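Working through the structure, step by step
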Amino acid sequence: MQTITYFQNDTLKLDLDLFLPEKMPDTKLPLLLFVHGGGFSIGKKEDGQPICKYLAKNGIASASISYTLYMKGKKFSCDGVLAEKIKAFQYGANDLWLATSFFLSNKSKYNIDIEKIFIAGSSAGGETVLHASHWNRELMKMYDVKLPDNFRYAGLVSGAGAIMDINLINKNTLIPMMLFHGNGDTTVPYATAAHHYCPTNASGWLMLFGSFSIYNYAKDLNGNVSLFTFCGGGHEYSGTLFEKDQYLILDFINNVIAGKKFQSHTIIPTGKKTEKSAVYGFCD
């Protein structure tokens with residue numbers, strides 16, 4: 001593991017922890033970039049080290065990034081400011097693009113296969129990767145650094161993430177996705193609802209399309225997508241597969257690289273049941 005500054009200007013310094021296999025192969029390495037959670041106000045790059053270590057031991061370069069915690073000291077719930085919440089998503093996505101640009105520029109130094117760059121994140125990180133992969137980068141950019149117009153991520157993994165506009169996902173932007181989410185989540189909706197289930201008169205009201213909605217939408221587009229539902233689980237499951245059963249993420253990456261077709265929904269019982277999870281009959 002090595003800590004690297006991937007972007008710096010007069011006011012901002014962003015670092016990442018890069019994990020490489022101890023024995024480097026002759027072929028170029030796939031890369032996964034991880035974005036930690038924390039409501040865009042807390043969290044640290046070290047939170048992503050468990051999944052990064054695991055993947056590096058299995059031949060995949062991995063990096064957990066620091067990024068702009070725009071909501072630090074601000075309100076991110078129903079009493080927040082909508083424009084500020086959207087700006088937090090934008091900062092996260094832009095910083096992820098900066099980290100991506102760093103590896104595109106240093107692909108030879110770190111032996112990276114730029115056709116096989118995956119992104120992953122938990123909670124706020126899940127929201128970051130969903131927007132970074134589907135937003136119009138030219139429209140939403142905040143820095144002069146620019147990714148090539150034809151660049152696309154190889155795939156993404158989102159834990160309890162959501163996207164603001166389901167229409168951002170279309171045949172031109174669709175990439176392979178692995179999603180996991182508790183269907184009793186009251187913070188980030190599992191299906192389609194307001195962030196934190198805020199009332200419509202709230203200053204921080206923001207509609208979000210969660211993992212279940214994204215899964216069904218991507219499946220209708222005939223995309224490669226897998227969903228793991230923690231029945232009855234809340235937002236506490238947002239990082240579960242990054243911390244244990246990590247082989248599922250490795251399988252996803254390997255299946256994408258191998259060009260396999262997949263559409264699957266895996267039900268994982270938690271022994272819990274809530275009012276929100278009870279509406280899904282597949283949990284009975």
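Source: prediction; values computed, not measured. (Residues numbered from 1 in each chain as written. Predicted model: local features only at pLDDT ≥ 70, side-chain atom pairs only at ≥ 80, totals over all residues. Heavy atoms only, no water.)

**Some points on the side chain of Thr 240**
- Along the chain, Thr 240 turns up in helix α6 (residues 240-243).
- Sequence-distant contacts of Thr 240, that is, excluding residues within four places in its chain, are made with Phe 180 and Phe 230. (Helix = DSSP H or I, 4+ residues; strand = E, 2+ residues; numbered from the N terminus. Contact = heavy atoms within 4.5 Å.)

**Quick word on the packing of aromatic side chains**
- The final tally for this structure, using the stated rule, is 21 aromatic pairs.
- Measuring from centroid to centroid gives 4.9 Å for Phe 34 and Phe 242, while their planes differ by 80°, and the two rings are edge-to-face. Pair noted here: Phe 34 is in strand β3 (residues 29-35) and Phe 242 is in helix α6, with a separation of 208 residues, a long-range link. Each member of the pair, Phe 34 together with Phe 242, is buried.
- The interplanar angle of 85° and the centroid separation of 5.2 Å between the aromatic rings of Phe 102 and Phe 103 together place this pair among those described as edge-to-face.
- On the basis of relative accessibility, which here comes to 14%, the residue Phe 102 falls in the buried class.
- An aromatic cluster is present here, built from Phe 34, Phe 180, Phe 230, Tyr 237 and Phe 242 joined pairwise through their rings.
- Directly above the aromatic system of Tyr 70 lies the positively charged group of Lys 74, at a separation of 4.1 Å from the ring centroid. (Phe/Tyr/Trp six-rings, centres within 6.5 Å; stacked < 30°, edge-to-face > 60°. Buried < 20%, exposed > 50% of the residue type's maximum accessible area, 1.4 Å probe, protein only. Lys NZ or Arg CZ within 6 Å of the ring centre and 35° of its normal.)

**Some points on the environment of Ile 268**
- Here Ile 268 lies in strand β12 (residues 263-269).
- Measuring from C-alpha to C-alpha, the distance between Ile 268 and Gly 232 comes to 9.3 Å, with 36 residues separating the pair along the chain.

**Details of the packing of helix α2 (residues 82-105) against helix α3 (residues 124-134)**
- Packing of α2 against α3 leaves a shortest axis separation of 8 Å and a crossing angle of 70°. It follows from the interaxial angle that α2 and α3 lie roughly perpendicular. α3 is crossed by α2, and the crossing has right-handed handedness. Mapping the contact onto sequence places Phe 89, Gly 92, Ala 93, Leu 96 and Trp 97 in α2 and Glu 127, Thr 128, Val 129, His 131 and Ala 132 in α3. (Axes fitted to C-alpha atoms, helices over the stretch in contact; angles between N-to-C directions. Parallel < 35°, antiparallel > 145°, perpendicular 65-115°, else oblique. Left-handed = near helix turned anticlockwise from the far one by under 90°.)

**Quick notes on the nonpolar core**
- Tyr 6, Leu 33, Leu 96, Phe 103, Tyr 153 and Met 177 are the most contacted members of the largest nonpolar core, which has 68 residues in total.
- Tallying contributions element by element places α2 first for this core, with ten residues.
- When neighbours within four sequence positions are excluded, Leu 33 is seen to be in contact with Ala 63, Leu 96, Ala 99, Thr 100, Phe 103, Ile 117, Phe 118, Ile 119 and Ala 120.
- By size, the runner-up hydrophobic cluster in this structure holds 26 residues, among which are Ile 51, Ala 56, Ala 120 and Phe 262. (Core = buried A, V, L, I, M, F, W, Y, C linked by side-chain atoms within 4.5 Å.)

**Regarding the state of the cysteines**
- As enumerated under the stated definition, the model contains two disulfides in all.
- One disulfide in the model links Cys 231 with Cys 283; its S-S distance is 1.9 Å. Judged by the torsion about the S-S bond (-80°), the Cys 231/Cys 283 disulfide is left-handed. Taken as a pair, Cys 231 in strand β11 (residues 225-231) and Cys 283 in the segment after β12 lie far apart in primary sequence, 52 residues in all. (Disulfide = S-S within 2.5 Å.)

**Quick word on the sheet that holds β11**
- Taking strand neighbours across the sheet as the criterion, the nine strands line up as β1-β2-β4-β3-β5-β6-β8-β11-β12 in an open arrangement whose pairing is mixed. Only two strands of the sheet have a single partner each, and these edge strands are β1 (2-8) and β12. Geometrically, the sheet is characterised by an average inter-axis angle of 20° between neighbouring strands, direction not taken into account.
- Here four bridges tie strand β2 (residues 13-19) to strand β4 (residues 61-65), and the two strands are oriented antiparallel to one another. Pairing of Phe 19 across the sheet is with Ser 62, part of β4.
- In this fold α2 packs onto β1, β2, β3, β4 and β5 (112-122), with an angle of close to 110° to the strand it touches most, β1. (Pairing = 2+ DSSP bridges.)

**So, the pairing of β1**
- Note: β1 against β2, six bridges, orientation antiparallel. Bridge pairing links Thr 3 to Asp 17 in β2.
- Here β1 hands over to β2 after four residues, the two strands then running antiparallel side by side.

**Notes on helix α1 (residues 49-57)**
- Within α1, burial applies to Gln 49, Ile 51, Cys 52, Leu 55 and Ala 56. Angular distribution of buried residues about the axis of α1 spans 165°; they occupy a single face of the element.
- Residues of α1 that are buried sit in contact with β2, β3, β4, α6 and α7 (247-257).
- Phi turns positive, to about 85°, at Gly 59, one or two residues after α1. (Arc of directions from axis to C-beta.)

**Examining the packing of α1 against α7**
- Orientation of α1 relative to α7, taken along the N-to-C sense of each, is 55°, at an axis distance of 10 Å. It follows that α1 is oblique to α7 by the angle criterion. In terms of crossing hand, the pair formed by α1 and α7 is right-handed. Across the interface between the two elements, Ile 51, Tyr 54 and Leu 55 of α1 pack against Tyr 247, Ile 249, Leu 250 and Ile 253 of α7.
- Here the residues of the contact of α1 with α7 sort into seven nonpolar, no polar and no charged. (Nonpolar A, V, L, I, M, F, W, Y, C, P; charged D, E, K, R; others polar.)

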